[in-house]
There are 4 protein chains.
Amino acid sequence: MSEFEESGIGEECGVFGCVAAGEWPTQLEVAKVLTLGLVALQHRGQESAGIVTSNGVNPPTYNTLKGMGLVNNAFPPENLLKLRYGNLGIGHTRYSTTGISELQNCQPFVVDTLHGKIAVAHNGELVNAAALRKKVMRHGVGLSTSSDSELITQLLALTPPMEELDAPDWVARIKNLMHETPTSYSLLVMYTDVIYAIRDPYGNRPLSIGRLVPISKLHTAGAGEGETEGWVVSSESCSFQSIGARYYREVMPGEIVQISKHGVKSLSIVPRPEGDLPAFCIFEYVYFARPDSIFEGQMVYTVRQRCGRQLAIEAPTEADVVSTVPESATPAALGYAQQSGLPYVEVLCKNRYVGRTFIQPNTRLRQLGVAKKFGALTDNFTGKRVVLVDDSIVRGNTISPIIKLLKEAGATEVHIRVASPPIRFPCYMGINIPTKEELIANRPEFEDIAGYIGATSVRYLSVEGLLSAVQGGIPSLQGKDERINTKASRSVGHCTACLTGKYPVELEW
Amino acid sequence: MSEFEESGIGEECGVFGCVAAGEWPTQLEVAKVLTLGLVALQHRGQESAGIVTSNGVNPPTYNTLKGMGLVNNAFPPENLLKLRYGNLGIGHTRYSTTGISELQNCQPFVVDTLHGKIAVAHNGELVNAAALRKKVMRHGVGLSTSSDSELITQLLALTPPMEELDAPDWVARIKNLMHETPTSYSLLVMYTDVIYAIRDPYGNRPLSIGRLVPISKLHTAGAGEGETEGWVVSSESCSFQSIGARYYREVMPGEIVQISKHGVKSLSIVPRPEGDLPAFCIFEYVYFARPDSIFEGQMVYTVRQRCGRQLAIEAPTEADVVSTVPESATPAALGYAQQSGLPYVEVLCKNRYVGRTFIQPNTRLRQLGVAKKFGALTDNFTGKRVVLVDDSIVRGNTISPIIKLLKEAGATEVHIRVASPPIRFPCYMGINIPTKEELIANRPEFEDIAGYIGATSVRYLSVEGLLSAVQGGIPSLQGKDERINTKASRSVGHCTACLTGKYPVELEW
Amino acid sequence: MSEFEESGIGEECGVFGCVAAGEWPTQLEVAKVLTLGLVALQHRGQESAGIVTSNGVNPPTYNTLKGMGLVNNAFPPENLLKLRYGNLGIGHTRYSTTGISELQNCQPFVVDTLHGKIAVAHNGELVNAAALRKKVMRHGVGLSTSSDSELITQLLALTPPMEELDAPDWVARIKNLMHETPTSYSLLVMYTDVIYAIRDPYGNRPLSIGRLVPISKLHTAGAGEGETEGWVVSSESCSFQSIGARYYREVMPGEIVQISKHGVKSLSIVPRPEGDLPAFCIFEYVYFARPDSIFEGQMVYTVRQRCGRQLAIEAPTEADVVSTVPESATPAALGYAQQSGLPYVEVLCKNRYVGRTFIQPNTRLRQLGVAKKFGALTDNFTGKRVVLVDDSIVRGNTISPIIKLLKEAGATEVHIRVASPPIRFPCYMGINIPTKEELIANRPEFEDIAGYIGATSVRYLSVEGLLSAVQGGIPSLQGKDERINTKASRSVGHCTACLTGKYPVELEW
Amino acid sequence: MSEFEESGIGEECGVFGCVAAGEWPTQLEVAKVLTLGLVALQHRGQESAGIVTSNGVNPPTYNTLKGMGLVNNAFPPENLLKLRYGNLGIGHTRYSTTGISELQNCQPFVVDTLHGKIAVAHNGELVNAAALRKKVMRHGVGLSTSSDSELITQLLALTPPMEELDAPDWVARIKNLMHETPTSYSLLVMYTDVIYAIRDPYGNRPLSIGRLVPISKLHTAGAGEGETEGWVVSSESCSFQSIGARYYREVMPGEIVQISKHGVKSLSIVPRPEGDLPAFCIFEYVYFARPDSIFEGQMVYTVRQRCGRQLAIEAPTEADVVSTVPESATPAALGYAQQSGLPYVEVLCKNRYVGRTFIQPNTRLRQLGVAKKFGALTDNFTGKRVVLVDDSIVRGNTISPIIKLLKEAGATEVHIRVASPPIRFPCYMGINIPTKEELIANRPEFEDIAGYIGATSVRYLSVEGLLSAVQGGIPSLQGKDERINTKASRSVGHCTACLTGKYPVELEW
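Under an unreviewed UniProt entry, chain A has the name Amidophosphoribosyltransferase and belongs to Salmo salar. Quoted verbatim from the Sequence similarities (unreviewed entry) heading of the UniProt record, the comment on chain A is "In the C-terminal section; belongs to the purine/pyrimidine phosphoribosyltransferase family." Regarding chain A, the UniProt comment filed under Function (unreviewed entry) reads as follows: "Catalyzes the formation of phosphoribosylamine from phosphoribosylpyrophosphate (PRPP) and glutamine."

So, about the overall build of chain A. Each helix and strand in chain A was counted, giving 16 helices and 23 strands. When burial is assessed residue by residue, chain A has 58% of its 509 residues classed as buried.

Quick look at the interface of chain A and chain D now. Counting from both sides, the interface comprises 47 residues of chain A and, opposite them, 47 residues of chain D. Those elements that provide at least two residues to the side of chain A that touches chain D are α2 (30-40), α4 (77-80), α8 (238-243), α10 (300-314), α12 (363-368) and β19 (374-376) of chain A. The biggest single contributor to the side of chain A that touches chain D is α2 of chain A, with five residues.

Moving on, we come to the relation of the copies chain B and chain C. What relates the two chain copies is a rotation about an axis together with a slide along it. Expressed as a screw operation, the relation of chain B to chain C combines 0.0 Å of axial shift with a rotation of 180 degrees, fitting to an RMSD of 0.1 Å. Such a combination of rotation and displacement between the chain copies is what one expects of a two-fold axis. No C-alpha of chain B lies nearer the rotation axis than that of Tyr 344 of chain B, which sits 4.4 Å from it. Both copies contact each other with a shared surface, as 100% of the interface residues of chain B are interface residues in chain C too.

To continue, consider the sheet that holds strand β1 (residues 13-20) of chain A. All names here are of chain A. Spatially, the seven strands line up as an open sheet ordered β3-β2-β4-β1-β10-β9-β11, and their pairing is antiparallel. Of all strands in the sheet, those bounded by a partner on one side alone are β3 (62-68) and β11 (245-250). Adjacent strand axes in the sheet meet at a mean angle of 15 degrees when their direction is disregarded. As defined by bridge partners, strand β9 (residues 208-212) adjoins β11 across five bridges and the pair is classed as antiparallel.

Laying chain A over chain D is done by rotating through 180 degrees and shifting 0.0 Å along the axis; what remains is an RMSD of 0.1 Å. Both copies share a contact surface, since 98% of the interface residues of chain A are interface residues in chain D too.

Our focus in this paragraph is the sheet that holds strand β22 (residues 457-460) of chain B. Residues and elements named next belong to chain B. The sheet built from four strands is open, its strands ordered β17-β20-β21-β22 with parallel pairing. If you trace the sheet from one side to the other, it starts and ends with β17 (321-324) and β22, each paired once. Between one strand and the next, the sheet's axes are offset by a mean angle of 25 degrees, whatever the strand orientation. When β17 meets strand β20 (residues 385-390), the two strands line up parallel, connected through four bridges. Paired with Val 322 across the bridge in β20 is Val 387. Of the strands in this sheet, β17, β20 and β21 (413-418) touch helix α11 (residues 330-340), which is tilted by about 165 degrees from β17.

Looking now at the interface of chain B and chain C. Between chain B and chain C, the residue contacts involve 46 residues of the former and 46 residues of the latter. At the level of secondary structure, the elements contributing two or more residues to the side of chain B that touches chain C comprise α2 (30-40), α4 (77-80), α8 (238-241), α10 (300-314), α12 (363-368) and β19 (374-376) of chain B. At five residues, α2 of chain B tops the list of elements feeding residues into the side of chain B that touches chain C. Looking at the side of chain B that touches chain C residue by residue, the classes come out as 22 nonpolar, 15 polar and nine charged.

The next thing to look at is the environment of Cys 495 of chain B. Residues and elements named next belong to chain B. Inspection of the secondary structure assignment puts Cys 495 in strand β23 (residues 494-495). You can call Cys 495 buried: it has 26 C-beta atoms within 10 Å. Spatially, the C-alpha atom of Cys 495 lies 16 Å from that of Leu 207, the residues being 288 residues apart in sequence. Non-local contacts of Cys 495, meaning those with residues more than four positions away in its chain, are made with Asn 204, Ala 279, Phe 280, Cys 281, Ile 282, Met 429 and Pro 504.

Turning to the UniProt feature "active site" (unreviewed entry) in chain A, a few remarks are in order. All names here are of chain A. The feature "active site" (unreviewed entry), as given by UniProt, occupies Cys 13 in the numbering adopted here. Summarising the element assignment, Cys 13 is placed in strand β1. Residue class for Cys 13 comes out buried when judged on the 28 C-beta atoms lying within 10 Å of it. Discounting chain neighbours no more than four positions away, the residues touching Cys 13 are Arg 44, Gly 45, His 92, Thr 93, Arg 94, Tyr 95, His 122 and Asn 123.

A few words now on the packing of helix α5 (residues 129-138) of chain D against helix α6 (residues 148-158) of chain D. All names here are of chain D. In contact at an axis separation of 10 Å, α5 and α6 are set at 45 degrees when each is read in the N-to-C sense. The angle between α5 and α6 places the two elements in the oblique class. Crossing of α5 over α6 shows left-handed handedness. In contact with Ala 129, Leu 132, Arg 133 and Val 136 of α5, α6 contributes Asp 148, Leu 151, Gln 154, Leu 155 and Leu 158.

Let us now look at unusual backbone geometry. For the bond from Gln 107 of chain C to Pro 108 of chain C, the omega torsion is -5 degrees, close enough to zero to count as cis. With respect to the element layout, Pro 108 of chain C can be found in the loop between β4 (88-94) and β5 (109-113). A positive phi angle, near 55 degrees, is found at Thr 192 of chain A, a position not held by glycine. Residue position: Thr 192 of chain A is located in the loop between β7 (185-191) and β8 (194-199). Among the residues examined, Thr 192 of chain A registers 19 C-beta atoms within 10 Å and is labelled partly exposed.

Residue and element names in this part refer to chain D. Here Leu 38 is to be found in helix α2 (residues 30-40). Looking at Leu 38, the number of C-beta atoms within 10 Å reads 29, which means it is buried. Filtering out sequence-adjacent residues up to four positions away, Leu 38 remains in contact with Gly 14, Phe 16, Ala 49, Val 71, Gly 91 and Thr 93.

What follows is about helix α5 (residues 129-138) of chain A. Residues and elements named next belong to chain A. Regarding α5, the residues found buried are Arg 133, Val 136 and Met 137. One side of α5 holds all its buried residues, which, seen down the axis, span an arc of 95 degrees. Positive phi appears at Gly 140, one or two residues downstream of α5, with a value of about 100 degrees.

In this section: the packing of helix α10 (residues 300-314) of chain C against helix α15 (residues 463-471) of chain C. Residues and elements named next belong to chain C. Across the interface, α10 lies against α15 with an axial gap of 9 Å and an inter-helix angle of 140 degrees. Of the possible angle classes, the one that applies to α10 and α15 is oblique. In this structure, α10 crosses over α15, and the sense of that crossing is right-handed. In this structure, α10 uses Val 303, Arg 306, Cys 307, Gln 310 and Glu 314 to contact α15, whose residues at the interface are Gly 465, Leu 466, Ser 468, Ala 469 and Val 470. Across the contact of α10 with α15, the residue classes break down as five nonpolar, three polar and two charged.

All names here are of chain C. Side chains of strand β22 (residues 457-460) alternate between two faces, with Val 458 and Tyr 460 buried and Ser 457 and Arg 459 left unburied. With four bridges joining them, strand β21 (residues 413-418) and β22 adopt parallel strand pairing. If you follow Arg 417 over to β22, its bridge partner there is Arg 459.

Moving on, we get to helix α7 (residues 170-180) of chain B. All names here are of chain B. Looking at α7, one finds that the buried residues are Arg 173, Ile 174, Leu 177 and Met 178. Projected onto a plane normal to the axis of α7, the buried residues spread over an arc of 140 degrees and lie on a single side. Turned more than 90 degrees away from the buried face of α7, the exposed residues are Ala 172 and His 179. Next to the buried residues of α7 lie α6 (148-158), β7 (185-191), β8 (194-199) and β12 (255-260).

What follows deals with the confidence of the model for chain A. All names here are of chain A. With 87% of its residues at a pLDDT of 70 or more, chain A has an overall mean of 86. Below a pLDDT of 50 lies the segment residues 479-490, which in the model reaches 18 contacts outside its immediate sequence neighbourhood of four places, other chains included. Scored as a whole, the predicted complex attains pTM 0.86, and scored at its interfaces, ipTM 0.88.

So, about the environment of Glu 413 of chain A. Residue and element names in this part refer to chain A. Relative to the elements of secondary structure, Glu 413 occurs in strand β21 (residues 413-418). Glu 413 gets classed as partly exposed once you count the C-beta atoms within 10 Å, which come to 17. Between the C-alpha atom of Glu 413 and that of Ala 455, which follows or precedes it by 42 residues, the distance is 7.7 Å. Sequence-distant contacts of Glu 413, defined by excluding residues within four places in its chain, comprise Ala 319, Arg 385, Val 386 and Thr 456.

Procedures and definitions
- Per chain, residues are indexed from 1 in the order of the written sequence.
- For this description, chains carry letters from A and ligands carry numbers from 1, given in the order in which they are written.
- Where totals are concerned, whole chains, interfaces and linings use all residues; where local detail is concerned, this predicted model gives features only for residues with pLDDT of at least 70, and gives and counts side-chain atom pairs only at 80 or more.
- UniProt positions are given in the numbering used here, feature names are shortened, and annotations may be inferred rather than shown by experiment.
- The helix and strand labels rest on DSSP assignments: H or I over at least four residues marks a helix, E over at least two residues marks a strand, and numbering proceeds from the N terminus.
- Around each residue's C-beta, the other C-beta atoms within 10 Å are counted; 20 or more make the residue buried, 12 or fewer make it exposed, and counts in between make it partly exposed. All C-beta atoms are placed from the backbone.
- Each residue is represented by a C-beta atom placed from its backbone, and any two residues with such atoms within 7 Å are regarded as in contact.
- We superpose the copies by least squares over the C-alpha atoms of residues that have a pLDDT of at least 70 in both of them.
- Paired strands, in this sense, are two strands between which DSSP finds at least two bridges.
- To get an axis, a line is fitted to the C-alpha atoms, and for a helix only the part in contact is used. The angle between two axes follows their N-to-C directions and goes from 0 to 180 degrees.
- In this classification, the charged set is Asp, Glu, Lys and Arg, the nonpolar set is Ala, Val, Leu, Ile, Met, Phe, Trp, Tyr, Cys and Pro, and all remaining amino acids, among them Gly, are polar.
- For classification purposes, an angle smaller than 35 degrees is called roughly parallel, one larger than 145 roughly antiparallel, one from 65 to 115 roughly perpendicular, and anything else oblique.
- Take the far helix as your reference; a near helix turned counterclockwise from it by less than a right angle gives a left-handed crossing, and one turned clockwise gives a right-handed crossing.
- Arc definition: it is the arc formed by the directions from the helix axis to the C-beta atoms.
- Confidence scores here are pLDDT values: one per residue, from the predictor, ranging 0 to 100.

Structure, rendered in structure tokens:
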């Protein structure tokens, strides 16, 4: 229960695709793989989920399953049966940014075209969506939803005009689309028997490829290409473990990858404007991604731990113990403890059931605030000075009652250490961020933030510190160089727009 | 439980619209009027229901509510609340002909265009849908459903190309659409603050207009135009009673009527090809419509009663009593009794709960057949010769066990009199009819239909007899002329394609 | 939609039992027979349903299935599977009289005793329930529900005290119970491998026995005892048709019948106090029962038709047509038409979907009243004098807007003829009747009832007329004697307490 | 996801009660307090939940709400409204041990007696339930469920026989019950306006009392008795925090405490047989209780940490890092790390959504096993020797694939350290334990447990070590005495039956 969680900051979506390798029909049960893959991406969107499978023959039969809520609610087992014969498919889990929680906004979006059906799943937000919508409508196309996914689908159908006699050149259409919209998207486009996996030229959203191998060989050196059971593509590599896939590689910024039963093939890389660096969203490291996912060759958990270490370097504290606001801040807290040499203890115990309580609180219950979700492990901190590491302070609504709880239960001092810089700017690339006015960093209270939230002291990680933790500039504890990431060269770049206001592309609103 | 019901013959849809009159915002609660209006059209479709309301300002806010099943299940009260502020709206209730029972096929269909949103509700089936789909897709538009409603909406958006600066001429677009597809459709198109009500040039599907008046003046001569509370438009006039509206008039074949808060205005009538008669679906009279609806100036109940009288003229019987297979055949049975002078009695009592039983019958239970839905009122027919009037025999599966039941319970003879001619041909204009092979009239058994179903005798109404009952050629019982319908002139015509194979337009498949 | 239906007058319950004949385990699928049997009794209670099956061995395994709502909602198919192995069972469908709609009040009630489990299903209401509850509680038994069924079950367990060594004499216990409470109950008690079917000494509630025969022989003379597939026992014989059973006989007032796989055996008849007549509820004939049920040798439909005829004799009218408030008053209306010689027509068409609308009516919609559930078949009555037969007037809320509708739609006169006497007194034997104050017959308006409801005239059937229709005193139309019922001797009696205030037993409150 | 969780080991129930203090009616909204209290006890039972409130006047009105599933599913907000006027109430959350998941087994159990209604909620299992059931039934009482709660309720109603004129002496009845059954129960009995809170003489199940104070004074020294807003009683003190209550005290073994609006009063202490020690279930410390609960003056978290420290003393390891199987083993792992001086790291990341997946795994997916619920945080252990602390090994099904995962992902050694002794015996006092055959400690594989599960080594905590951690015999890390618990005298005792086979009372089966 970090401030991120409480304040509704969140990713827009997760995408997942799977193609069975070898002869079709396959025994792989693609719909089950897709379902489990989406479950592993559930943290990226809990509002609705959808999958579309194709039997892969020409013309193909597509089966669609969509539903509201968590994947397991959205896909009751009896409905999954309908999809059992697919040989490939794509799926999507959606986080509502707009409050319109209707089934019709649920992805993937499927349309019939002159040359057959295409299905599209999208993670991100097109920075020039409004202009593109106008363009499509000017052509005489009505748009039935407000989703970028439909817009992308119609753009693909539209440009260049469909010719009746020949097959359409979908790759050319995809390239065309990529030239019309620079960011932000990681896309899956399914057409009959292939999935195109696409990342925008700035690489703003993640996308990784995995290889399904026999379970018995999952972790062994064996299982050569010949033993491949299928290919998967996912917003995050954390989903590979749960379906029995090995990490293969990332889709590169601007790359179009074709995935079919014959394997994985890079078709093209659409370049950025000269001089522009990549702009992978730094908040994937800070908060969104699951800690066991791998981006740019490094594990998210390790980056978060480094953020904690960097924070200990930047903001050391006289204290007795270091702790965490469970659960997302734990790697940073352990990093802080390691670097500072202070003992790590648990001070809060989270009631995992309380989040789902629907009862209308009366005045008395409302006063209890978010603290009612935590039990205090008093033995660990009574009479002690506590460093409490959290991953962010967005509105201050979560951390404030926790501090009160700790102090009243006997902590002599509570020092808040925030493992990321303050969020100050909106995101136009797919992240739901409270309005500028709601962000505590933009309000007068921020001047005396410690006083405002009742802490003994408050310190944030610097933007430079965060970049250094992400791009590998922190000296190892053991003295050895921890720069896993040799890309820490000219070509490395991350989007820090919400922290600095520097957007990767100019916005035309 | 007629053979029609049992065999799945059914209408595709019902449409309903409402515009509040006078100043907006209104107290009329348009969403409730729409809901009750759809409930009154529930017999035209039970698979899904949807409504879209507009607040009527520019740009408008549209609210959509869709759901599977009966109107009351599809619109839970808490969801209706969302729509409470509409000043106008359209609704739709759907009968699945294809077996694809998905929410995304649910109407009305709404799209955003360069000039704002339009919503479309459609009853009927476009005879040239396949060609039109191709045309739209050739233009580069992807179609996300298989519904005619989406197709119509994209056609309206597409032709002629949208101009950015000026408002679109929706009426010209509608006329254009009507020239592209001759039949079959009754359409409601909502745009911001008006509803266009359209019937195809052949008038194949019904559409009537009603006027909402103060309840206290509903049935009195008063309530002039000035007291109008709103306007409604509906597939059938039977829905007017339940919402407190007076019958106003039918939309004419080919007519485009504009309904706004300022009233009802006929904009245009798109003509048929010279020489073509109207082709209002005769099965609306025979089976689909509710008996209290009015088409072409006559009440459906009365037409059905005339069918029964005509049948008694064409197929008289030596018998003791006349009865009905409840409930749809009752008017015809009473007409038969009147004309023949035989006493009318009830012989079957229907268990209204049994239809919803989901248990898998074992062999024993399956043998009981449809007869388990009826109780025999033996006192009324034991030892007697029974004329049993039904509205049709489609497969013979329903009537056969009923005859067995009556005979075993003591009827000495069971004469079946069918109040419509045999169905022999498929319908391409929106009616779900079993395949040609399934229709009993096309099978060898039909040669000895009485023997096949176990009846003492079987007689059908002739096509001419049906037309005469519909178009007013039956002499009155009391000797007075019953031709309510002075349109029994050159301009009267009805579609009898399913009975005769004569389709109103040439089909190009 | 009669006044009965609208005003909530209703039966408390229906009971149904089934024992598979011959060798066990059986192929009969007792749980399915019970389910269909209860569906056929659904009109006696829609609030909840329950069944309990036993495998019939010693000690037995009982399986219970209960649920709220209609039988088909209460027993989802996947749950029915659990009960598939039963060889006998009892079921119950409940009508809530108290407003406490909780699953725990749902019957049958099952308890474990020293000698094994018994299950009880009850239709009726114990007139001395309060005293019996006290007696049980004084013995130290806590009662967990307010249902008579639990009370009966604990009384059976209690008296005489259970002996550990010997088997209990359940029949003696049942007799004992019958001596403690004179009425009103029709009871099914299941114990291991038998069902005891019991009717109270006054025979206040109905109970009939049927025999399951091979479907192929259902209506033929064949199917001797040897071909019996099972035995069923039901509140009403109308349920026999739908499960393939033949009517066998009624359980007599005061009789205890044992039903097992070996057949049906009358064990005892507990007598009434000397001089007391039976008191079968006359409202079973008037309203509750399904028209195809048989009580005391006569079909309910025919009795209702006789009520209409008697009404025409008692209250003849100068009019043009006779009609009904559909559907329950139809037999009486047809009887009135027959006797009076006036033509029978339909004037109202009921929307069968409207009953389930949950939307909160606004003022405008509320003004429409119950009339919104009916369409007017104007052609049949405009300019005519109408006799409208209804089965009762309870509060006047239903009939009044219907009269208004007919008059405004053109009826010149509307004469109401009520096919039963006015209800004036409460029932303490299981029927839910509005409070004395709510009954129109007890209010000042009744003085000028015609004026109050807006009718041209109003006439009720007399109590004597009703008894004569029930007990067989009406001369046949054809002149032949219609007294089917030779029991019209000293031993015939019916409870008319709600009409006359004469209760069959003295009440001690 | 410990082996406990995976193998279905679990508590039977949690109980919770609340009485509003001061004048009634109160603003406290007792039903909401009960609901939140049960949510905080949700870990003790997820199968069903129920609450009963009383308005506290004589005769009282009781309102009951029960439902299947988690508290929030079981009590939809609209149903909670019904209970809003209660002044006191009790609740229960149930864990199914028998597989019979029916609503009727849901507690609290309410019965009507001669002197009014009593409601009972029970945590535990009566060791002599079978004999007591017989006794009750021999008295002529039928039992409608298999729950101990009903049995207790009927025993209270039964003995000594109810007298009509005088009020019953419920306290005498409760004492009588306690003499009839020695263990295991923590009971709440509600009667009109009081709740009796009872713990069995062995104190086998926990029960604590809390005081509701103004939220503003929750953690301050203020809020004297006069400011008490109400009293609560709960299986665990962890529920106090979430409703704004302060810990008051435990109910003592054998104690009967009366809780009313006037306060808390100890009525009696029923003694154990001479020489018998208390027998508080040691598994409440080891696994069941939430870590922030307090038993016998010590925090559960701290006891678990001490178990880890003791384990490090008993079973030291040459290794590089210490880690946990999240989340229940974390305190023990941190304790092990502290004591051993090895660094604590996280090696596994749990997907919190995966547990609810309902899809039928195919062979391929099944092979993935429980490991698919965890992501490997490889950076933290690749190339290292890992000590993995878990709280138990029950069947070995969970730990085995986790070890495989760690080793394949690069751990050079995996030493399993189990923070409790092996379970070898069944529990008859309310804990659901797999059959003796399923327990790994009773199987031949246990001989070479490390080989069987694939670990480098396996060591368990000794029974003496566990008792020492619980009863306070471990020297402090800092050298100071950590025996918080001065009851470490003769009167301290814990039930270790499942570990040692020594049951607190002799069992008569």
